[in-house]
Structure formats: structure tokens, C-alpha cells
Amino acid sequence: MKLNDDLHMLALPIQRGDQTAYFNLSLILDPIHGPTLVDTGLPGQLDAIATALADAGVRVADLKRIILTHQDIDHVGSLHDLVQAGGARVLAHAVETPYIDGGEPARFARPEALAQRPELRAVAEGFQYTPVDEQLQDGARLDLAGGVRVIATPGHTPGHMCLYHERTRTLIAGDALTSSDGQLMGPNEGATPDMHTAGQSVQKLAQLDVRSIVCYHGGLVAMDANAQLQRVAQALAQKDDKMSGDSAAAG
Ligand SMILES: [Zn+2]
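Read on for an overview of the structure. No experiment lies behind these values; they were computed from the predicted model shown. (Residues numbered from 1 in each chain as written. Predicted model: local features only at pLDDT ≥ 70, side-chain atom pairs only at ≥ 80, totals over all residues. Heavy atoms only, no water.)

This next bit is on unusual backbone geometry. Of note, Asp39 is a non-glycine position whose phi angle comes to about 75°, a positive value. In this structure, Asp39 sits in the loop between strand S3 (36–38) and helix H1 (46–55). Phi at Arg169 takes a positive value of approximately 50°, unusual for a residue other than glycine. With respect to the secondary-structure elements, Arg169 resides in the loop between strand S9 (161–165) and strand S10 (170–174). Among the residues examined, Arg169 registers a relative accessible area of 26% and is labelled partly exposed. (Helix = DSSP H or I, 4+ residues; strand = E, 2+ residues; numbered from the N terminus. Buried < 20%, exposed > 50% of the residue type's maximum accessible area, 1.4 Å probe, protein only.)

Structural data, given as C-alpha cells:
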């Protein structure tokens, strides 16, 4: 789906039982610096990504860089195949890098994670560690499509980051936020080990002036994006207050 001249959202279908869900990758176009893909689906999704890219007029071999919002298997899964097929440079937050290049075992590949979700074993085994060419830090500004800002948003993972495209005021949220039918929601609590920090990251995002938000899980939020972001940030802050109140009362 073309969002504007600079950005496309690539809906990558994924079969879950008899239902089709979608991962929503982002594609940033720049006539000088070439196309940039944000996140890479599960292992084995190279062909599906190639199809989605083709809809946007881009070939895998055209990709100049791949930015990863974080280390989860559904974001880094087809990274290795994409790099093999096209030679794109890989960019990730410095904190996530070892889990992507194999310096540390990936979170999803740890024995305790696989014990909890054994159905992910085969998927996790399909992942191949891949070198990261450039490590990003909070506040970095990438010279792409007029400027893309890196916003560190820890919580879902320690080095999770969002991207903010300045001239279209589009927030590429990764898993820092989710949505359903255009309604913005907070991060998936079941998949977010540090909800307190994740909530603080949403407060940070709420400082931005956003026109639209791309959630990896749930897709585009285009209606009242600023107001929706404020609402979610407030709800998370209240929940956090209540939880710290409860634990203070208990302790
Ligand atoms: Zn995730």
C-alpha cells in the first residue's frame, strides 16, 4: 500500500490456522539513496517479500539497506536471505546487534523461550545470524527521503527502536505500538517483558507530531493519529501508576 511518494506499507500475509494475519513492513523510497526496507518477516518469507516489493516497483536486488526495529524472529527472519539475494546493508540498534549477528543467542532461540512456545522451534531454527553493517543510536538522523529519525523505544526488547519520517510525519512503530482496524493500542503485553519501560517509550513517542502510524502488527493508523497516540500514552501511564501503587501497598 502506497502511503505517499516516500513510503509504502508492505502487508506480508502469514497463515495462522485458517486465518490470515499480516506483518506490516515499511519501505522508504529515496531517489538518490535507493530503497530501504524496514523489518523482514519470518524465515522463509523471501518470496512473499519480493512479491510485496514488486507491488511497490522495487526488486530485492534494488534494496540498498535494511533497518531492523528489533531482534524478534518475525522481524529478522528473512534478513539473511534478503542480504544474500541483494547485498543490502543492515542497520540495527547497537543494543540489538549482538542478537542479530550471533554475538549473543537471540531471545527467541533461548531454551526457556522455546520451552514456553515449542511451536516456534522450527521457525527459530530457520533463522540465520547475519552481520550488522551499521549500529544506530537514539536520535540518529538518517539522510533518507528528507530525513528519518531513530527513536530508541526500549521495553518490548531492550534495543527496540522506532523510525520517524519527518516530512510526512509518519511513525514506523515496530512493536512499540499495535493497532486493529485503525485503532491504536499499546504494545502486546504478552510479548513485552518490560511493560513499564515500554510505557515510558510510548510517552516519548507521544512528544512527536504524527500524521500516521505504521504498526507492524495491525497496520496503518491514519485517523486522528496524534490524538490516538496521546490516548494510548495516557492509558499506559495510568496503568503504570496503578501498578506501582499496588506494589507499594503490597510491599
Ligand atoms: Zn517483537
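On we go.
Below, the discussion takes up the coordination of the zinc ion. Ligation of the zinc ion by protein atoms is provided by His70 (NE2), Asp72 (OD), His156 (NE2) and Asp175 (OD), these donors lying 2.1 to 2.2 Å from the ion. Around the zinc ion, the 4 donor atoms are arranged such that angles at the metal cover 84 to 168°; this shape is classified as irregular. Sequence spacing of the donors to the zinc ion: H-x1-D-x83-H-x18-D. (Donors = N, O, S within 2.8 Å, 3.2 Å for Na, K, Ca; no water. Tetrahedral: all angles 85-135°; square planar, octahedral: opposite > 155°, others 65-115°.)

Right, let's talk about the nonpolar core for a bit. Judged by nonpolar contacts, the single largest core of 33 residues is most densely connected at Leu10, Leu25, Leu27, Leu37, Leu53, Leu63 and Leu68. When residues of this core are traced back to their parent elements, those giving at least two are strand S1 (7–16), strand S2 (19–28), H1, strand S4 (65–68), helix H2 (73–76), helix H3 (79–86) and strand S5 (89–93). With sequence-adjacent residues up to four places away left out, Leu53 is seen in contact with Leu10, Leu27, Leu37, Val58, Arg59, Val60 and Leu63. Counting residues in each nonpolar core, the second largest holds 23 residues, with Ala173, Ala176, Ala198 and Leu205 among its members. (Core = buried A, V, L, I, M, F, W, Y, C linked by side-chain atoms within 4.5 Å. Contact = heavy atoms within 4.5 Å.)

Quick look at helix H7 (residues 195–205) now. Taken together, the buried positions of H7 are occupied by Met195, Ala198, Gly199, Ser201, Val202 and Leu205. The buried residues of H7 occupy an angular sector of 155° when projected down its axis, which confines them to one face. (Arc of directions from axis to C-beta.)

Both S1 and S2 contribute to a ladder of 10 bridges, which runs antiparallel. If you follow Arg16 over to S2, its bridge partner there is Gln19. Hairpin connection of S1 to S2: 2 residues between the antiparallel strands, including Gly17 at a positive phi of 65°. (Pairing = 2+ DSSP bridges.)

Strand pairs in the sheet, formed through backbone hydrogen bonds, run parallel or antiparallel to each other. Spatially, the 6 strands line up as an open sheet ordered S1-S2-S3-S4-S5-S6, and their pairing is mixed. One side of each edge strand has no neighbouring strand; the edge strands of this open sheet are S1 and strand S6 (134–136). Looking at each pair of strands side by side, their axes are set apart by 25° on average, direction ignored. Of the strand pairs in this sheet, S4 and S5 are connected by 4 bridges, and their pairing is parallel. Note that in S5 the partner of Ile67 across the bridge is Leu91. Its contacts with the sheet place H1 against S1, S2 and S3, and it is angled at close to 145° to S1. Running over the sheet, H3 touches S3, S4 and S5 and is turned about 170° from S4. (Axes fitted to C-alpha atoms, helices over the stretch in contact; angles between N-to-C directions.)

With that out of the way, let us pick up the environment of Ile28. Along the chain, the position of Ile28 falls in strand S2. Spatially, the C-alpha atom of Ile28 lies 23 Å from that of Ser180, the residues being 152 residues apart in sequence. In contact with Ile28, other than residues within four places in its own chain, are Asp6, Leu7, Gly34, Pro35, Thr36, Val38, Leu144, Ala145, Val148 and Ile172.

All right, on to the pattern of salt bridges then. Inspection of the entire model under this criterion finds 10 salt bridges. We note a salt bridge from Arg169 to Asp209, for which the minimum N-O separation is 3.2 Å. Pair noted here: Arg169 is in the loop between S9 and S10 and Asp209 is in the loop between H7 and strand S13 (212–215), with a separation of 40 residues, a long-range link. Salt bridges sharing common partners tie together Arg141, Arg149 and Glu166. (Salt bridge = Lys/Arg side-chain N within 4 Å of Asp/Glu carboxyl O.)

What follows concerns the packing of aromatic side chains. Under the definition given, this model contains 3 aromatic pairs. Aromatic side chains Phe23 and Tyr216 sit 5.4 Å apart centroid to centroid with 10° between the ring planes, which places their arrangement in the stacked category. With Phe23 in strand S2 and Tyr216 in the loop between S13 and strand S14 (219–221), this pair connects stretches of sequence that are 193 residues apart. You'll find Phe23 and Tyr216 in the same group, each marked buried. (Phe/Tyr/Trp six-rings, centres within 6.5 Å; stacked < 30°, edge-to-face > 60°.)

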